[in-house]
Amino acid sequence: MEQAVGKSIERFDSVDKVTGKALFPGDINFNDQVFMSTLFSPSPHAIIKRVEFADALKIPGVIAVLTAEDVPLNEYGLITNDQPVLCGPNSSKAYSDRTRFIGDQIALVIAEDDHIAKKAARMIHIEYQALDILTDPNDALDKNAAIIHPDRESNIVFARKINFGCVDNAFDEADIVVESVYHTPAQEHVFLQPEAGIAYYDEQDRITVITGGQWAHGDQRQIAHALQMPEEKVRVIYAAIGGAFGGKEDISVQIGLALAVMRLNEMGIRRPVKTIWSRKESIFGHPKRHPFKIHAKWGVKANGKITVASVDMVADAGAYASSTEAVLSVAASLAIGPYYIPNVYIHARAVYTNNIPNGAFRAFGSPQVAFAAEMQINKLAHALGIDPVEFRMRNLIKEGELTPLGTPLPHGISIENVLRTCATKAGWKNMEKGWQLGEMLKEKGIANGRIVKGIGIAAGYKSFGIPPDECWAAVEIFGEENIEKVIVRNAGADLGQGAHSVYKQFASSALGVSDEIIEVIASDTSTSENSGSASASRITFMTGNAILGAAKIAQKKWQMGERSALGEFLYRAPKILSGRGNKIQEHPNFGYGYVAQAIEVEIDRETGASRVLRVISVNDVGKAINPLQVKGQIEGAVIQALGYAKTENFKQENGEPITNSLATYLVPTIMDIPIKLESVIIEEPDPNGPMGARGMGEMPFVPFAPAFTSAVHDAVGVWFDQIPLLSENFIYREKLEQGF
């Protein structure tokens with residue numbers, strides 16, 4: 001039959017989602033369910049002395065109130081178990097009597113309906129001792145600063161240093177040195193459906209939690225840990241998921257729901273427990289993108305070759321570790337962008353504060369350092385009088401060249417092809433003297449009029465996967481003479497990106513059958529082994545390889561006469577360690593996606609308003625399994641990155657989020673999106689990818705902000721080292737540069 005991979009087949013869940021037939025966690029109800037309301041912290045930093053809930057229990061319809069002493073082991077976390085399930089006295093965990101941010105949970109109220117539960121939560125009285133609030137990472141680094149987690153020696157969550165070559169001598173020998181400090185903001189995910197779920201005991205006496213998340217087995221592990229029960233006694237099922245972007249990697253309602261049904265069962269009450277967070281609770285309750293402060297100092301020779309880079313970055317981790325270690329590791333390893341620089345020093349630190357925790361967000365760690373790196377590239381090119389494309393071409397990393405980690409990138413570096421394609425489509429030409437921008441576009445630059453135009457370009461790359469990474473899948477074939485049905489099992493989450501449809505395409509192509517006879521059973525810990533997280537652009541790469549492996553085993557059994565024929569396969573990603581001399585050194589990662597973007601903008605110099613006229617996003621995806629879905633990912637990432645660069649200004653004051661609704665936190669609307677967006681797909685197969693596919697969901701986010709600010713500089717002649725580039729910031733900075 002015709003190959004399914006490479007075709008834009010219709011997603012099998014699209015009709016149900018459009019018509020409302022698909023059930024999201026908040027849509028699921030049981031006849032005898034009760035409701036849970038969460039009481040959050042009264043202060044970003046405090047010791048909870050007493051939680052008095054007698055008045056709440058007097059309200060008719062209130063069934064129970066749970067506090068910290070009701071949690072068997074009061075801790076959880078994605079990487080580090082540093083977060084209490086509930087904060088308060090008499091807990092099983094030291095120092096869990098203190099709150100560290102405004103979204104810490106204090107009590108859970110279970111009642112007959114949602115209105116009663118919320119009313120009772122307001123009747124709970126909390127006696128607490130306020131502590132000093134630290135919101136600036138630099139203040140938290142001070143040796144005299146209060147320790148937010150008293151069981152640690154300092155407020156540093158994670159730190160990393162990378163030394164490559166000899167930085168000091170290289171700066172002495174550089175012809176031009178550019179030094180700048182860059183600031184990137186926190187960013188809210190704004191997924192469509194806030195956190196929600198329902199929990200109950202199933203027919204096998206397992207606590208079952210139906211919710212939406214990014215890693216069912218990760219949720220299962222953390223629930224079982226906090227409740228101190230075997231993992232097999234906890235079942236996690238994902239309903240339809242209304243977006244995530246990294247914001248649903250962390251626990252939100254899952255442990256609370258499981259705890260509630262467990263404690264009710266001990267009271268002789270076996271009833272499902274449901275909860276739905278409001279948008280405000282969601283904004284308080286889940287991590288954001290890490291804000292970074294990056295001090296970058298780069299040196300270059302007159303011939304346009306970068307010789308040295310020093311990068312010092314401090315990230316605000318917020319109150320808990322979440323995925324900070326992974327984010328900072330990615331940021332440190334990608335800090336100089338897709339360029340070869342022979343002398344590099346990188347110092348990366350992430351710091352606890354009393355802000356909302358910061359964690360995973362699309363391309364985590366990469367957009368922050370890409371902004372600094374690409375701005376340094378643009379400034380160095382400008383200082384040398386070299387075209388920014390030509391300057392990049394002279395410095396792009398090539399096959400076999402070493403990264404600052406001391407080892408090369410995996411085979412298949414395609415950044416030169418990606419940048420060449422982007423530049424050509426945007427109007428650059430490779431002339432005798434190198435790459436140059438066409439004359440017509442040059443004329444769009446600095447002008448004295450009110451409305452001016454500019455063009456900017458940036459390149460980037462991002463690792464995919466979470467090494468050491470592995471993923472399980474099963475494929476079962478049914479029928480007698482011919483294959484009549486195929487079932488694919490995998491626990492990976494479909495967050496709305498169409499992953500489960502891609503599963504069908506892999507199985508269809510591997511077995512040579514129509515995708516219409518393939519059923520996908522996914523996102524249920526009782527039907528699948530661990531398939532890992534739907535994050536780090538890993539799902540297509542990891543699950544694709546797992547499904548292909550399982551299909552091969554099933555097909556072989558089928559050919560030998562087994563009916564039905566079951567194939568199970570655990571795919572293990574390539575190792576990331578390699579030896580140089582007598583020393584084992586870290587290989588950067590097992591795979592990368594490469595991207596370049598050119599952006600044209602229009603600026604009103606009187607009001608500061610900016611408009612994105614055109615975006616060209618060129619992406620090497622290895623192999624587009626479903627080209628239409630790939631373009632959807634590119635467009636979504638570009639628009640989300642536009643918000644990051646231009647409109648989304650997440651504010652916290654003294655630990656309190658000020659932008660706590662969609663009326664005050666402004667994401668791009670239909671009026672803000674680029675007038676023209678060109679999604680260009682390049683397919684240079686990844687040697688290890690399933691049918692050549694690379695991870696790609698995050699990559700188009702990476703270079704947008706520096707390309708945008710570069711275009712603004714082209715229009716008005718001002719460098720902006722901080723995003724989002726709000727209109728009022730633009731006007732102030734331009735007038736400051738002009739001497740007003």
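Structure: see above.
Keep in mind that this is a model prediction, so the values were computed, not measured.

A closer look at the packing of helix 14 (residues 499-511) against helix 15 (residues 539-559)
- Relative to each other, helix 14 and helix 15 sit at 35°, their axes nearing to 9 Å. As for how helix 14 packs across helix 15, the hand of that crossing is right-handed. Listed contacts from helix 15 to A499, V502, Y503, F506, A507, A510 and L511 of helix 14 are I539, T540, T543, G544, I547, L548, A551 and Q555.

What to know about the sheet that holds strand 4 (residues 98-99)
- Judged by pairing direction, the sheet is antiparallel, and its three strands sit side by side in the order 4-2-6 without closing on themselves. Edge positions in the sheet fall to strand 4 and strand 6 (125-130), since each of these pairs with one other strand and no more.
- As judged from the six bridges shared by strand 2 (residues 46-52) and strand 6, these two strands associate in the antiparallel manner. Residue pairing for strand 6: R50 is matched across the bridge by E127.

A look at the packing of helix 6 (residues 216-227) against helix 7 (residues 254-266)
- With their axes 9 Å apart at the nearest point, helix 6 and helix 7 run at an angle of 45° to one another. Overall, the two elements helix 6 and helix 7 adopt an arrangement that is oblique. In the packing of helix 6 onto helix 7, the handedness of the crossing is right-handed. Between helix 6, through D219, Q222, I223, A226 and L227, and helix 7, the contact on the second element is made entirely by Q254, I255, A258, L259 and M262.

Section: the sheet that holds strand 25 (residues 592-604)
- Taken in spatial order, the four strands line up as 18-25-26-29 in an open sheet, and their pairing is mixed. Looking at the sheet topology across the chains shown, the edges are occupied by strand 18 (451-463) and strand 29 (676-682). For this sheet, the mean angle separating the axes of adjacent strands, direction not counted, is 15°.
- Packed onto the sheet, helix 12 (residues 415-426) meets strand 18, strand 25, strand 26 (610-620) and strand 29 and runs at close to 25° relative to strand 25.
- Here helix 17 (residues 704-716) sits on the sheet in contact with strand 18, strand 25 and strand 26, set at roughly 155° to strand 18.

About the cut-offs
Residues numbered from 1 in each chain as written. Predicted model: local features only at pLDDT ≥ 70, side-chain atom pairs only at ≥ 80, totals over all residues. Heavy atoms only, no water. Axes fitted to C-alpha atoms, helices over the stretch in contact; angles between N-to-C directions. Helix = DSSP H or I, 4+ residues; strand = E, 2+ residues; numbered from the N terminus. Left-handed = near helix turned anticlockwise from the far one by under 90°. Contact = heavy atoms within 4.5 Å. Pairing = 2+ DSSP bridges. Parallel < 35°, antiparallel > 145°, perpendicular 65-115°, else oblique.

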